[in-house]
Amino acid sequence: MKNGKKRRYIIGFVFLAVCVCVLLAANICIGSVKIPVQSVLSMLSGNGGDEMYHDIVMQIRFPRALAALILGGALALSGYLLQTFFHNPIAGPFVLGISSGAKMVVALVMVFALSCGIKITSLTMIIAAFFGSVLAMGFVLLLSRAVDKMSMLIVAGVMIGYICSAITEFVVTFADDSNIVNLHNWSLGSFSGITWSHVEIMATVVTACSLFVFLLSKPMSAYQLGEVYAQNMGVNIKLFRIVLVIFSSILSACVTAFAGPISFVGIAVPHLAKNLMQTAKPILMIPSCFLGGGIFCLFCDLLSRVMFAPTEISVSTITAVFGAPIVIYIMVRQRNGGI
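Source: prediction; values computed, not measured. (Residues numbered from 1 in each chain as written. Predicted model: local features only at pLDDT ≥ 70, side-chain atom pairs only at ≥ 80, totals over all residues. Heavy atoms only, no water.)

**Quick look at the packing of helix α3 (residues 51-86) against helix α12 (residues 265-277)**
Where α3 contacts α12, the two axes come as close as 7 Å, and the packing angle between them is 80°. Between α3 and α12, the angle is such that the two are roughly perpendicular. Within the contact between the two elements, α3 uses Gly72, Leu75, Ala76, Gly79, Tyr80 and Gln83 and α12 uses Val265, Gly266, Ile267, Val269 and Pro270. (Axes fitted to C-alpha atoms, helices over the stretch in contact; angles between N-to-C directions. Helix = DSSP H or I, 4+ residues; strand = E, 2+ residues; numbered from the N terminus. Parallel < 35°, antiparallel > 145°, perpendicular 65-115°, else oblique. Contact = heavy atoms within 4.5 Å.)

Structure follows, in structure tokens:
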């Protein structure tokens with residue numbers, strides 16, 4: 001039995017790794033300009049190649065693909081932490097309004113900075129998004145004490161998201177005309193415009209957070225079995241819950257700062273990863289969620305670029321098309337006692 005489970009885990013991770021490699025290659029090679037795989041390999045190995053191909057790959061597609069992989073993984077991991085925190089498979093940064101809170105504060109900072117001619121750094125965006133995430137999360141936690149049913153908490157989270165989105169739209173309406181285009185494109189959710197400096201910063205933040213989360217695998221396993229059991233195992237519940245909130249907020253904030261709000265990834269991917277691995281063990285779920293989130297966003301970003309090329313649609317639109325049915329399926333299963 002143990003050998004069968006071990007074999008399944010190995011096959012699952014090999015499958016995820018192959019999907020990552022295939023989709024990375026597809027995102028780099030496929031687009032309005034098709035680039036042969038041999039040319040890409042030649043560039044990556046440092047043997048030069050066509051100058052136009054080199055600029056397209058190294059300045060546009062490769063950093064964008066890496067951003068989709070990193071930020072998709074961060075978003076899925078953030079969703080998994082929130083689902084663990086609330087003991088509910090429908091909890092996620094988008095549904096609970098956390099992404100919208102981050103979007104609101106970032107929009108306020110962007111409008112103020114751009115109107116004053118101040119240059120915004122990536123770190124400033126992340127900090128602003130983090131404060132927005134924590135603000136929205138704070139309201140959700142306050143409401144969690146006032147409502148008994150988790151379904152009501154989800155509804156309250158959606159309402160918080162709508163309020164934050166309304167404030168964002170109000171701010172954008174009164175922004176300078178030259179700033180509206182940038183704000184509008186960012187607010188829809190997109191991996192376009194990512195540079196190598198952005199990739200470096202997001203990789204540093206997300207990698208550090210992911211490693212810390214992975215180190216929490218053991219207390220997370222105990223917490224999943226109930227707070228009383230976790231306390232008996234020596235877990236400081238209050239501190240543990242604060243840590244979960246902080247890390248989920250940082251991961252969600254990093255995504256919003258660079259790519260805007262992206263929907264349903266944080267809910268759908270942990271569920272898909274759990275079904276693939278056939279386990280709820282955090283030590284396996286954490287890496288599989290990260291890889292699964294990267295795969296999901298790479299796939300959706302590829303579709304957003306090529307479906308109606310040369311017109312590009314919002315990646316959040318594609319993630320909603322594939323993610324929303326999964327959320328509906330989870331809700332139906334939960335109502336029927338399947339979860």
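Once you've had a look at it, read on.
**Re the packing of aromatic side chains**
One pass over the structure, following the stated rule, counts six aromatic pairs. Measuring from centroid to centroid gives 5.1 Å for Tyr223 and Phe240, while their planes differ by 50°, and the two rings are tilted. Note that Tyr223 is positioned in helix α9 (residues 217-224) and Phe240 in helix α11 (residues 237-259), a separation of 17 residues in sequence. Classification of Phe240 by relative accessible area gives buried; the value is 4%. (Phe/Tyr/Trp six-rings, centres within 6.5 Å; stacked < 30°, edge-to-face > 60°. Buried < 20%, exposed > 50% of the residue type's maximum accessible area, 1.4 Å probe, protein only.)

**Some thoughts on the nonpolar core**
Core analysis: the largest hydrophobic core is formed by 98 residues, its most contacted members being Val57, Leu71, Phe86, Leu96, Phe191, Met202 and Ile262. The greatest single-element share of this core, amounting to 20 residues, is contributed by α3. Setting aside its immediate chain neighbours within four residues, Phe191 contacts Arg64, Ala67, Ala68, Leu71, Ala259, Ile262, Cys297, Asp301 and Val315. (Core = buried A, V, L, I, M, F, W, Y, C linked by side-chain atoms within 4.5 Å.)

**Points about helix α4 (residues 98-115)**
Along its 18 residues, α4 runs 26 Å from first to last C-alpha, staying within 8% of the 26 Å computed at 1.5 Å per residue. Among the 18 residues that make up α4, 13 are buried, leaving the element largely enclosed by the rest of the structure. Looking at the residues trailing α4, positive phi occurs at Gly117, about 75°. (Expected span 1.5 Å × (residues − 1).)

**Let's talk about the side chain of Ser133**
Relative to the helices and strands, Ser133 resides in helix α5 (residues 122-146). Apart from the residues lying within four places of it in its own chain, the contact partners of Ser133 are Ile98, Gly101, Ala102, Ser249, Ser252 and Ala253.

**A closer look at the pattern of salt bridges**
Enumeration according to the criterion identifies three salt bridges in this entry. With its nearest N and O atoms 2.8 Å apart, the salt bridge here joins Arg64 to Asp301. Separated by 237 residues along the polypeptide, Arg64 in helix α3 and Asp301 in helix α13 (residues 282-306) bring together distant segments of the chain. Since its relative accessible area comes to 1%, Asp301 is described here as buried. (Salt bridge = Lys/Arg side-chain N within 4 Å of Asp/Glu carboxyl O.)

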